[in-house]
Amino acid sequence: MIFALETSCDETAAALVTHDGEIRANVVASQADLHAQFGGVVPEIASRRHLELVLPVVRQALSDAGATLDDVDLVAVTRGPGLIGALLVGVSAAKALAWTRRLPLAPVDHLDGHVASLYLEPDSLEPPFLCLLASGGHTMLLDVRARGSFGVAGRTVDDAVGEAFDKGARLLGLGYPGGAELDRLARDGDPEAFSFPVAKLPGLDFSFSGVKTSLLYAVKKLQPGELERRRADLAASYQRALVRALVERTDAAAQLLGVERVGVVGGVAANSELRASLPWARAAPLSLCTDNAAMIASAARYVEPLPYPRYLGLDAYASAA
Ligand code: KG4
Ligand code: ZN
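Residues numbered from 1 in each chain as written. Chains lettered and ligands numbered in written order. Predicted model: local features only at pLDDT ≥ 70, side-chain atom pairs only at ≥ 80, totals over all residues. Heavy atoms only, no water.

A. Main features of the packing of helix 5 (residues 161–171) against helix 8 (residues 226–257). Between helix 5 and helix 8, the least distance of the axes is 11 Å, while the angle of their chain directions is 175°. It follows that helix 5 is roughly antiparallel to helix 8 by the angle criterion. Seen from helix 5, the contacting residues are V161, A164, F165 and G168; seen from helix 8, they are Y238, Q239, L242 and L246. When grouped by side-chain class, the residues that make up the contact of helix 5 with helix 8 number six nonpolar, two polar and no charged. (Axes fitted to C-alpha atoms, helices over the stretch in contact; angles between N-to-C directions. Helix = DSSP H or I, 4+ residues; strand = E, 2+ residues; numbered from the N terminus. Parallel < 35°, antiparallel > 145°, perpendicular 65-115°, else oblique. Contact = heavy atoms within 4.5 Å. Nonpolar A, V, L, I, M, F, W, Y, C, P; charged D, E, K, R; others polar.)

Okay, structure coming up:
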């Protein structure tokens, strides 16, 4: 089995996955409550919390799988992109685990991990397909021709769509991270109540930095007390604008690339309206949309592992090369 760790942001995650892509354990310890009081992830606090959580999470994953390290033949870890201090906790722990057993170590890119959430059983997707990767840190359209590689067809030129969800949620007085809460609130609102235009760039790129400003103006225009009454309408209209932009570009990219299959991954792939708006697409299972280690184990199957002890000098990276 493959043992994987993921600590790129504020989730401490460990998983055991077979080489056939069957999940035996998938443990995610979220630090969201810890960061909520600051309205966002505080990198130094995240690193320290990873350090406290990493061993309990490793033990929990082994126990959930009914396995020991004897059953593991490959260790995998997210190497980047992400918060550098947070990543280093996972990388160091993975090195130590691999080193004690003289196992090889597979360094995995976080984005490859999200795409590889579609390669897990029982519902794996076979390339070629177009992949919409929509998360808190990234918004991309990927041309996936084979497992383990992709070309970038489009990307956001400013904010990620998850960031737009979180900033919008904040303007509406929801907690952090607010994407899922905004999704819930939007169900009680009228998506046509307000109009929030999303900038449309030529080609397949996205821009989400302007739309939150139009939400801000709409909120400011309301009389005191009215915000509470219109919150669900604002949430529904704002979500409609973000989802429309994603769906339009995904459709355009699928036509341009001539692909029949579309995959949707990343935290925002959990959004109920996005899932409903792309009924022909294959969205990752809900438990595999937000950051987890099962997707990292899955991606590790298509990475050349570093043999013992070459990985001891392995470094993490904060942003893509
Ligand atoms: O993939 P992820 O866990 O972390 C990154 O790699 O960024 O994505 C987290 C993002 C956050 O912005 C969160 O608000 C958003 O995914 N998110 C959602 C939903 N669930 C999570 N956004 C919209 N609707 C949801 N249901
Ligand atoms: Zn992610």
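Read on for the rest.
B. Seen up close, the sheet that holds strand 9 (residues 262–265). Overall, mixed pairing links the five strands, which are arranged 8-7-6-9-10 in an open sheet. The sheet terminates laterally at strand 8 (149–155) and strand 10 (282–283), the two strands that pair on one side only. Examined bridge by bridge, strand 6 (residues 129–134) and strand 9 share four bridges and lie parallel to one another. Pairing of L130 across the sheet is with V262, part of strand 9. (Pairing = 2+ DSSP bridges.)

C. Up close: the packing of aromatic side chains. Inspection of every chain in the model, using the stated rule, returns six aromatic pairs. With a centroid separation of 6.2 Å and 70° between ring planes, the pair formed by Y119 and F129 is classed as edge-to-face. A residue pair is termed long-range when its members are at least 10 positions apart, and Y119 in the loop between helix 4 (110–116) and strand 6 and F129 in strand 6 qualify at ten residues. Using a relative accessible area of 2% as the deciding quantity, one classes Y119 as buried. Under the relative-accessibility criterion, F129 is labelled buried at 0%. Summarising the aromatic geometry, the rings of Y119 and Y302 are spaced 5.8 Å apart at their centres and angled 80° between planes, so their arrangement reads as edge-to-face. Separated by 183 residues along the polypeptide, Y119 in the loop between helix 4 and strand 6 and Y302 in the segment after helix 10 (294–300) bring together distant segments of the chain. (Phe/Tyr/Trp six-rings, centres within 6.5 Å; stacked < 30°, edge-to-face > 60°. Buried < 20%, exposed > 50% of the residue type's maximum accessible area, 1.4 Å probe, protein only.)

These results come straight from atomic positions and should not be treated as a statement about function.
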